[in-house]
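# Structure at a glance
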Amino acid sequence: AEGSETFQTWCLDSDDDTVTGGGTDGPFMSGCTNCECANYTLSLTSSDTLSVAMSFGAAMNHTHAKHLRAELTRVGPPPVVNTSLGWPGHGADFECNFTTVSLGQGA
């Protein structure tokens, strides 16, 4: 993965043929490695805009790559969280009161 304060990119990091398709009719282009196979990037393009991009190299027997691009724009302030509903709270008011349950063997 690579990134900065305004973007983050994750790449397929595998030389496992069961993941990359191993040159068969898999979802990735034959012989690809890391970002050539697939990558996912989040970019903060302004204080109110988040861009999302996902790219896959052209798979075997396909003539084109696959891409997804989306731009998310903030349209207002975040909604108010109603803490009276039993939510765990925020910041200093956060509390986690989960209980650990032990499962016995041979039930």
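The structure contained in this document is the topic of the report that follows.

What counts, and at which threshold
Every chain is numbered independently, its residues counted from 1 as its sequence is written. With pLDDT at 70 or above as the cut-off, local features in this predicted model cover only qualifying residues; side-chain atom pairs require 80 or more to be listed or tallied, and sums for whole chains, interfaces and linings still use all residues. Each side-chain value is worked out from all heavy atoms of the structure, with water and hydrogens disregarded. Labels follow the DSSP assignment, with helices taken as runs of H or I lasting at least four residues and strands as runs of E lasting at least two, numbered in each case from the N terminus. Pairs of N or O atoms are called polar contacts if they sit within 3.5 Å, as long as, within protein, a hydrogen donor faces a hydrogen acceptor (for residues adjacent in sequence, only side-chain-to-side-chain pairs). For this analysis, residues touch if any pair of their heavy atoms sits within 4.5 Å. Ring geometry is summarised as follows: Phe, Tyr and Trp rings, the Trp one being its six-membered ring, pair when their centres sit within 6.5 Å, and such pairs are stacked at plane angles under 30 degrees, edge-to-face over 60 and tilted between the two. Between buried and exposed lies partly exposed: a residue is buried under 20% and exposed over 50% of the maximum accessible area for its type, with that area taken using a 1.4 Å probe on protein chains only.

Among the secondary structure elements, Thr 41 is positioned in strand E3 (residues 38-46). Within the local environment of Thr 41, its side chain forms a polar contact with the side chain of Thr 9, the two groups lying 2.8 Å apart. Discounting chain neighbours no more than four positions away, the residues touching Thr 41 are Phe 7, Gln 8, Thr 9, Ser 51, Val 52 and Ala 53.

With that settled, consider the packing of aromatic side chains. Here the structure, examined in full by the defined rule, presents one aromatic pair. For the pair Trp 10 and Tyr 40, a centre-to-centre distance of 5.9 Å together with 35° between the ring planes defines the contact as tilted. Of this pair, Trp 10 sits in strand E2 (residues 7-11) while Tyr 40 is found in strand E3, placing the two residues 30 residues apart along the sequence. Under the relative-accessibility criterion, Trp 10 is labelled partly exposed at 39%. On the accessibility criterion, Tyr 40 (29% relative accessible area) is partly exposed.

The spacing of Tyr 40 and Leu 68 is 28 residues in sequence and 9.2 Å in space, taken between C-alpha atoms. Not counting residues up to four positions away in its chain, the partners in contact with Tyr 40 are Gln 8, Thr 9, Trp 10, Val 52, Ala 53 and Met 54.

None of this, on its own, says anything about what the molecule does.
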